Amino acid sequence: MWQFVKYVFATIVGLFIFSVLGFFLFIGIASMLGSSEDKASIDKNSVLKLDLNNPIQEIAVENPFAEFSGGQGNVLGLNDIKSALANAKLDPNIKGVYLDVQYPSVGWATAEEVRDAIVDFKKSKKFVYAYGEVMTEKAYYLASVADKIYLNPAGGMEWNGLSAEYDFYKGTLDKLEIKPLVFRVGEYKSAVEPFFRENMSDANKLQNQVLINNIFDHAVENISKSRNIPVTKLKNLADSLLIDAPQDALKYKLVSHVGYYDEVETALRKELSIKEDDKIKFVGLSKYAKAEKQVKEGPSDSRIAVIVGEGAIYSGKSGDGNIGSETIAEELRKARKDKKVKAVVLRINSPGGSALASDVMWREIQLTRKVKPVIASMSDVAASGGYYMAMGCDKIVAQPNTITGSIGVFSVLFNFENTFKNKLGITFDRVNTNTHADWPSVTRDMTPFENDRLQKSTENIYATFTRKAAEGRKMPLAKLQSLASGRVWSGREAKANGLIDEFGGLDKAIQVAAQAAKLKEGEYRVKFPAQKNVFEQFMNKITGDAEEQMLQKQLGDFAPYLKTLKKLQQMEGTQARMPFDINIK
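Residues numbered from 1 in each chain as written. Predicted model: local features only at pLDDT ≥ 70, side-chain atom pairs only at ≥ 80, totals over all residues. Heavy atoms only, no water.

Draft legend 1. View of the overall build of the protein. When helices and strands are counted, the protein shows 21 helices and 24 strands. Classification of the 585 residues of the protein by burial places 48% in the buried group. When contacts within the protein are restricted to residue pairs at least 6 apart in sequence, long-range pairs at least 24 apart make up 73% of them. Counting only carbon and sulfur atoms, one obtains 53% of the accessible surface of the protein, whose full area is about 28,900 Å². (Helix = DSSP H or I, 4+ residues; strand = E, 2+ residues; numbered from the N terminus. Buried < 20%, exposed > 50% of the residue type's maximum accessible area, 1.4 Å probe, protein only. Contact = heavy atoms within 4.5 Å. Areas by Shrake-Rupley, 256 points an atom, 1.4 Å probe, with all protein chains shown as cover.)

Below is the structure:
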């Protein structure tokens with residue numbers, strides 16, 4: 001009888017699993033078929049609708065269930081947004097743009113590129129409306145270029161300046177009797193401070209204060225131009241917390257209207273000259289990507305290849321949210337050998353990571369530079385190992401609010417001997433063929449000689465980093481080292497110090513690459529990275545989301561700290577990495 005029950009249960013489970021797999025297989029096939037659909041037809045008098053509340057990355061990840069979830073779960077592609085705006089600028093069927101912007105999950109430099117694309121769209125004299133029930137500073141930065149800005153009367157606007165916050169783990173490590181062993185070069189190399197301090201060092205506090213001041217100053221200056229409000233007034237409003245309610249934002253002219261969504265729709269109908277009961281023809285980003293292209297591409301035999309590196313840097317293949325040196329090196333080799341590719345743009349959005357992996361990619365960049373121009377385009381952050389990638393390129397292009405620099409390295413080990421002994425009752429003993437055969441070890445104290453060897457190894461890697469950076473920037477080594485020490489710079493400061501060449505986003509870097517390859521506008525085509533299989537991307541995403549939700553449910557506010565520990569586990573060797581999580585809000 002029990003055997004029969006087991007077989008029945010196994011059959012039910014099998015059928016269930018088969019049904020689930022079949023469902024996802026169907027979605028995968030539908031996605032692939034959908035990708036080969038004919039071009040979308042865009043009705044006359046349409047409005048391009050951009051929901052900027054989803055995460056924005058360099059390359060999009062589409063959720064096949066987006067239609068059933070109101071578009072939630074998509075990861076927007078920065079280039080897709082910019083291409084849509086550039087196309088809509090010329091499209092006679094698109095009369096304007098509607099921005100839904102409240103909590104954009106995006107870095108400041110990415111927000112800059114989206115904002116610049118909206119500014120360029122406005123040259124067409126078509127309208128731009130923005131609406132939010134609430135708006136963060138970053139949301140308002142994007143919305144501030146709109147012709148009309150609506151804020152929900154029951155909502156609110158955050159306008160109190162920026163703050164940068166770090167987590168520190170010394171107290172936790174002390175309680176667990178874990179000894180951190182830190183080896184670093186650079187007064188400002190603060191990525192290891194959370195393990196042996198309870199607060200920021202003076203040097204770290206200084207660099208972060210200067211950094212967020214530069215980012216906020218740049219945002220305020222641009223908002224001042226868009227809204228015709230003096231910079232001093234905008235800063236005073238932030239200092240005095242005068243923007244408390246939507247009516248305050250209206251009073252001080254930060255927004256043009258306080259109103260509900262139906263009032264926004266009424267205003268849009270007037271703009272479109274349609275009746276009150278007529279439906280507004282909104283076109284979403286995914287549909288508009290299939291619309292007829294108004295921006296014509298150049299010839300396919302002259303290409304500028306864009307190679308994207310996004311995430312922390314590791315050896316091996318790139319994965320979801322990280323840069324694998326093997327993958328980037330392979331892409332550079334392909335571009336170098338492809339005769340149709342006349343120049344390369346290396347798009348970097350990374351806080352750094354493995355110093356070894358960074359150097360592997362640097363070498364491949366040097367080999368490619370001998371054959372064709374290689375231009376670095378920095379996104380939100382290109383620091384430490386991210387800067388290591390950029391410094392070997394012919395030129396570096398970054399936004400004024402890009403986070404960069406952090407030229408420095410560190411190594412960190414942990415001694416768990418007392419943790420195992422005093423907390424778990426576990427002890428260790430060993431035999432060695434040589435004096436230091438078990439070095440480095442996480443279950444015993446290292447000797448002064450062993451510590452010295454690790455410090456010297458870290459210093460040697462730093463010397464290589466700074467020497468190559470000085471060569472790449474054509475700068476005396478002493479001057480480069482004065483800008484290094486692990487210090488983080490904004491793009492503004494980086495340009496003043498000679499660490500980057502020009503301000504601009506990816507489009508600017510492509511222009512620089514074309515000029516270096518002696519290609520005129522219209523004489524080349526841009527080759528962007530091919531997206532992975534949509535089904536594969538989505539499965540990776542829902543797996544990651546499920547893990548994230550499980551951690552959040554089980555650990556609550558402690559979930560982010562476990563994620564940090566997981567990052568520590570992934571670290572191998574000396575790191576060229578900026579501070580773990582700089583939370584600017």
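Having put the structure on the table, let's press on.
Draft legend 2. Region of interest: the packing of aromatic side chains. Using the criterion set out here, one finds 14 aromatic pairs in the structure. Each ring, one from Tyr-129 and one from Tyr-150, has its centre 6.3 Å from the other, and the planes form 20°; the classification is stacked. Of this pair, Tyr-129 sits in strand β5 (residues 127-135) while Tyr-150 sits in strand β6 (residues 148-157); the two residues are 21 residues apart in sequence, bridging distant segments of the chain. Residues Tyr-129 and Tyr-150 agree in their burial class; the two are buried. Judged by centre distance (6.3 Å) and plane angle (40°), the ring pair of Phe-414 and Phe-416 falls under tilted. (Phe/Tyr/Trp six-rings, centres within 6.5 Å; stacked < 30°, edge-to-face > 60°.)

Draft legend 3. How the structure looks around the side chain of Ser-302. Summarising the element assignment, Ser-302 is placed in the loop between α11 (285-288) and β11 (303-310). Setting aside residues up to four positions removed in sequence, Ser-302 forms contacts with Lys-340, Lys-342, Leu-519, Glu-523, Tyr-524 and Arg-525.

Draft legend 4. Structural view of the packing of helix α7 (residues 202-227) against helix α8 (residues 231-240). Packing of α7 against α8 brings their axes to within 9 Å, and their N-to-C directions diverge by 120°. Considering their axes alone, α7 and α8 lie oblique with respect to each other. Read as a crossing pair, α7 and α8 show a hand that is right-handed. Contacts between α7 and α8 pair Phe-216, Asp-217, Val-220, Glu-221, Ile-223 and Ser-224 from the former with Val-231, Leu-234, Lys-235 and Ala-238 from the latter. Partitioning the contact of α7 with α8 into residue classes produces six nonpolar, one polar and three charged. (Axes fitted to C-alpha atoms, helices over the stretch in contact; angles between N-to-C directions. Parallel < 35°, antiparallel > 145°, perpendicular 65-115°, else oblique. Left-handed = near helix turned anticlockwise from the far one by under 90°. Nonpolar A, V, L, I, M, F, W, Y, C, P; charged D, E, K, R; others polar.)

Draft legend 5. Inspection of the pattern of salt bridges at higher detail. Applying the stated criterion across every chain, the model contains 28 salt bridges. Between Asp-445 and Lys-179 there is a salt bridge; the shortest N-O distance is 3.5 Å. Here Asp-445, found in the loop between α15 (417-424) and α16 (448-472), pairs with Lys-179, found in strand β8 (residues 179-185); they are 266 residues apart in sequence, far enough to count as distant. Overlapping salt bridges bring together Glu-58, Lys-82, Glu-113, Arg-347 and Asp-507 as one network. (Salt bridge = Lys/Arg side-chain N within 4 Å of Asp/Glu carboxyl O.)

Draft legend 6. How the structure looks around a nonpolar patch on the surface. On the surface, a cluster of nonpolar side chains totalling about 280 Å² of accessible area is made up of Leu-424, Ile-426 and Phe-428. Position of Ile-426 among the secondary structure elements: in the loop between α15 and α16. We classify Ile-426 as partly exposed; its relative accessible area is 36%. (Patch = residues over 30% accessible without salt bridge, like charges linked within 9 Å, V, L, I, M, F, W, Y side chains within 5 Å.)

Draft legend 7. A look at the nonpolar core. One finds Trp-159 and Leu-254 to be the most contacted residues of the largest nonpolar core, which totals 63 residues. Here this core gets seven residues from one element, more than from any other, and that element is α7. Residues within four places of Leu-254 in sequence aside, it is in contact with Tyr-140, Ile-149, Met-157, Trp-159, Arg-227, Ile-229, Leu-234, Leu-237, Ile-243 and Ala-249. Among the nonpolar cores identified, the runner-up in size contains 42 residues, and Val-344, Ile-396, Trp-489 and Leu-499 belong to it. (Core = buried A, V, L, I, M, F, W, Y, C linked by side-chain atoms within 4.5 Å.)

Draft legend 8. Representation of the pairing of strand β4 (residues 94-100) in the model. β4 sits mainly inside the fold: six of its seven residues count as buried. Across five bridges, β4 lies against β5 in parallel orientation. Note that in β5 the partner of Gly-96 across the bridge is Phe-127. Tracing the backbone out of β4, into helix α3 (residues 108-121) and back to the parallel element β5 gives a crossover that is right-handed. (Pairing = 2+ DSSP bridges. Right-handed = clockwise from strand over helix to strand, strands pointing away.)

Draft legend 9. Molecular detail of the sheet that holds strand β9 (residues 257-258). Strand order in the open sheet formed by six strands is β9-β6-β5-β4-β1-β10, and the pairing between neighbours is parallel. The open sheet has two edge strands with one neighbour each: β9 and β10 (282-283). As paired strands, strand β1 (residues 46-51) and β10 are joined by two bridges and run parallel to one another. Each bridged residue has a counterpart across the sheet, and for Val-47 the counterpart in β10 is Phe-282. Sheet strands in contact with helix α10 (residues 261-272) are β1, β4, β5, β6 and β10, and its direction is about 180° off that of β5.

Draft legend 10. Spotlight on the environment of Ala-484. Relative to the helices and strands, Ala-484 is located in the loop between α17 (477-483) and β20 (488-490). We classify Ala-484 as buried; its relative accessible area is 1%. When the C-alpha atoms of Ala-484 and Tyr-188 are compared, they prove to be 8.3 Å apart, with 296 residues separating the residues in sequence.

Draft legend 11. Spotlight on the environment of Asp-120. Here Asp-120 lies in helix α3. Judged by relative accessible area, which is 27%, Asp-120 ranks as partly exposed. C-alpha separation for the pair Asp-120 and Ala-86, spaced 34 residues apart in sequence, amounts to 7.8 Å.

Draft legend 12. Representation of the side chain of Asp-438. Within the secondary structure, Asp-438 sits in the loop between α15 and α16. The buried category is assigned to Asp-438, whose relative accessible area is 16%. Polar contacts involving the side chain of Asp-438 include one to the side chain of Arg-430, which spans 3.0 Å. Apart from the residues within four sequence positions on either side, Asp-438 is in contact with Arg-430, Asn-432 and Arg-444. (Polar contact = N/O pair within 3.5 Å; in protein donor to acceptor, adjacent residues only side chain to side chain.)

Draft legend 13. Representation of unusual backbone geometry within the structure. With omega at -5°, the peptide bond leading from Trp-439 into Pro-440 counts as cis. Here Pro-440 shows up in the loop between α15 and α16. Even without being a glycine, Asn-45 presents a positive backbone phi close to 65°. Within the secondary structure, Asn-45 sits in the loop between α1 (2-35) and β1.

Draft legend 14. How the structure looks around the environment of Phe-410. Here Phe-410 is to be found in strand β19 (residues 409-415). Given a relative accessible area of 0%, Phe-410 falls into the buried group. Counting along the chain gives 49 residues from Phe-410 to Glu-459, while the straight-line C-alpha distance between them is 8.8 Å.

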